[in-house]
Amino acid sequence: MKGWLFAAALFALTALAQTFQVASGEARYRVREELLQVGLTDAVGTTKAVRGEVRLQDGRVSGEFVVDLRELKSDQARRDNYLRQRTLETDRYPFATFRPKEVRGLPNPLPGQGKVPIQVVGDLTIKGVTAEVVWEGEAEFQGDEVRVFLRTEFPFEKFRLTQPRVSVVLSVENRIRLEVELVLRRQ
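Throughout this description, residue numbers start from 1 for each chain and increase along the sequence as written. Totals for whole chains, interfaces and linings use all residues, but because this is a predicted model, local features are given only for residues with pLDDT of at least 70 and pairs of side-chain atoms are given and counted only at 80 or more. Excluded from the side-chain calculations are hydrogens and water; all other atoms, namely the structure's heavy atoms, are used.

1. A short note on the nonpolar core
Here comes step 1: Ranked by internal contacts, the top residues of the largest apolar core, which has 43 residues, are L124, I126, W135, V148, F159 and L184.
Here comes step 2: Numbering of helices and strands starts at the N terminus; helices are DSSP runs of H or I of at least 4 residues and strands are runs of E of at least 2. Mapped onto this core, the elements with two or more residues apiece are β1 (18-35), β3 (50-57), β4 (60-68), β5 (95-104), β6 (113-126), β7 (129-142), β8 (145-154) and β10 (176-186).
Here comes step 3: Per-element accounting of this core gives the leading share, six residues, to β7.
Here comes step 4: In this view, L124 contacts T97, F98, V129, T130, A131, V133, F154, F159 and L178; residues no more than four positions away in its chain are not counted. Put simply, buried Ala, Val, Leu, Ile, Met, Phe, Trp, Tyr and Cys residues joined by side-chain atoms within 4.5 Å make one nonpolar core. Note on exposure labels: buried denotes an accessible area under 20% of the residue type's maximum, exposed denotes more than 50%, and partly exposed covers the range between, all computed with a 1.4 Å probe on protein chains only. Residues count as neighbours in contact if any of their non-hydrogen atoms are within 4.5 Å of one another.

Next comes the structure, spelled out in C-alpha cells:
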C-alpha cells in the first residue's frame, strides 16, 4: 500500500504545472544584404525588450512571449528607421508575439542540469499576421533556471513584410533569420 501511495505522489508532482518567466533575454534578426561599396554583409538588429512566460503541464505547453519591435537596433540608424517605418510599421504594430504549442525533445520530468536539443512549435505574430513557425535550438538546465537559444527563418512574404529597397542597398536576401536567447526562471 505504501508503494502505491509513493508512486501516486510522485506522479502528482511530475504532473504539476511548471511555469517559467523570462528573467532576461535578447531577440535578434539577421538578413543578408548587399550594400553599394561594401558588398555582402549581414544586417543584424537586436533588442533586450523581451518578456513572457511558458507553462508546462502533462506534456502540454502554453504561454506567450512578446518582443518590443520599437527597440530593435542595428549598427545603422537609417536602417532602423526604415525598418520601423516601412517594413514593420511599429507605430501600428509595436510588438511581435509568440505562443508556443509544442516543445519537442524536452524530457519529462525536466532535468536539474544539462543541455538538451529542442524544437519549439508555435504561432508567431508579426505586423498582424500569424503563422506557425518551428524554432530549433537547445535548452540548458541549471537548477531553477533554463537558458534557451533558439533560431528560425522564413521569407519576408510569410508575414507580408516588404523587402527593403533603397539606393544604397543592391539586394536583400528573401530570408529573415530570427534568434532568441532567454534565461527562464521557474516560478
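2. A look at the pattern of salt bridges
Here comes step 1: Here, a salt bridge means any side-chain nitrogen of Lys or Arg that lies within 4 Å of a carboxyl oxygen of Asp or Glu. By the definition in use, this model includes 20 salt bridges.
Here comes step 2: The shortest N-O distance in the salt bridge between E64 and R99 comes to 2.4 Å. Of the two residues, E64 is situated in strand β4 and R99 in strand β5; the sequence distance between them amounts to 35 residues.
Here comes step 3: According to the relative accessible area criterion, E64 is partly exposed, its value standing at 27%.
Here comes step 4: Among the residues examined, R99 registers a relative accessible area of 41% and is labelled partly exposed.
Here comes step 5: The residue R186 makes a salt bridge to D144 at a minimum N-O spacing of 3.1 Å. Linking R186 in strand β10 with D144 in the loop between β7 and β8, this pair joins segments that are 42 residues apart in sequence.
Here comes step 6: Residue R186 is classed as partly exposed on the basis of its relative accessible area, which comes to 26%.
Here comes step 7: Put simply, E26, R28, R30, K48, E179 and E181 are held in one network by salt bridges that share partners.

3. Details of unusual backbone geometry
Here comes step 1: Note the cis peptide between N108 and P109, where omega equals 5 degrees.
Here comes step 2: Along the chain, P109 falls in the loop between β5 and β6.
Here comes step 3: If you check the backbone angles, E89 has positive phi at about 50 degrees while not being a glycine.
Here comes step 4: Inspection of the secondary structure assignment puts E89 in the loop between α2 (77-87) and β5.
Here comes step 5: On the basis of relative accessible area, E89 is assigned to the partly exposed category, the value being 27%.
Here comes step 6: One non-glycine residue with positive phi stands out, namely R160, at about 55 degrees.
Here comes step 7: Inspection of the secondary structure puts R160 in the loop between β8 and β9 (169-172).
Here comes step 8: The exposure class assigned to R160 is exposed, which follows from its relative accessible area of 64%.

4. Brief notes about the confidence of the model for the protein
Here comes step 1: The pLDDT score gives, residue by residue, the confidence of the prediction method on a 0 to 100 scale. Within the protein, residue pLDDT values average 89, and 87% of them lie at 70 or more.
Here comes step 2: In the predicted structure, residues 3-15 sits below a pLDDT of 50 and forms four contacts with residues beyond four places in sequence or in another chain.

5. Side note on the packing of aromatic side chains
Here comes step 1: Here is the rule: rings of Phe, Tyr and Trp (six-membered ring for Trp) pair when centre to centre is within 6.5 Å. Planes less than 30 degrees apart are stacked, more than 60 are edge-to-face, and the remainder are tilted. Scanning the entire structure with this criterion turns up two aromatic pairs.
Here comes step 2: Here the aromatic rings of F98 and W135 are separated by 5.8 Å at their centres, their planes lie at 75 degrees, and the arrangement is edge-to-face. Of the two residues, F98 is situated in strand β5 and W135 in strand β7; the sequence distance between them amounts to 37 residues.
Here comes step 3: By relative accessible area, F98 is classed as buried at 8%.

6. Details of α2
At 3.6 residues per turn, the α-helix brings residues three or four places apart onto the same side.
Here comes step 1: Within the sequence span of α2, burial applies to R79, D80, Y82, L83, R84 and T87.
Here comes step 2: One or two residues past the end of α2 sits E89, with phi positive at roughly 50 degrees.

7. Describing the pairing of β6
Here comes step 1: Note on pairing: two strands pair once DSSP finds at least 2 bridges between them. Relative to β6, β5 is paired through seven bridges, and the arrangement is antiparallel. Residue T97 lies in a different strand from β6, and its bridge partner there is T125.
Here comes step 2: Pairing analysis gives 14 bridges linking β6 to β7, with the strands arranged antiparallel. When the bridges of β7 are listed, I118 appears paired with G137.

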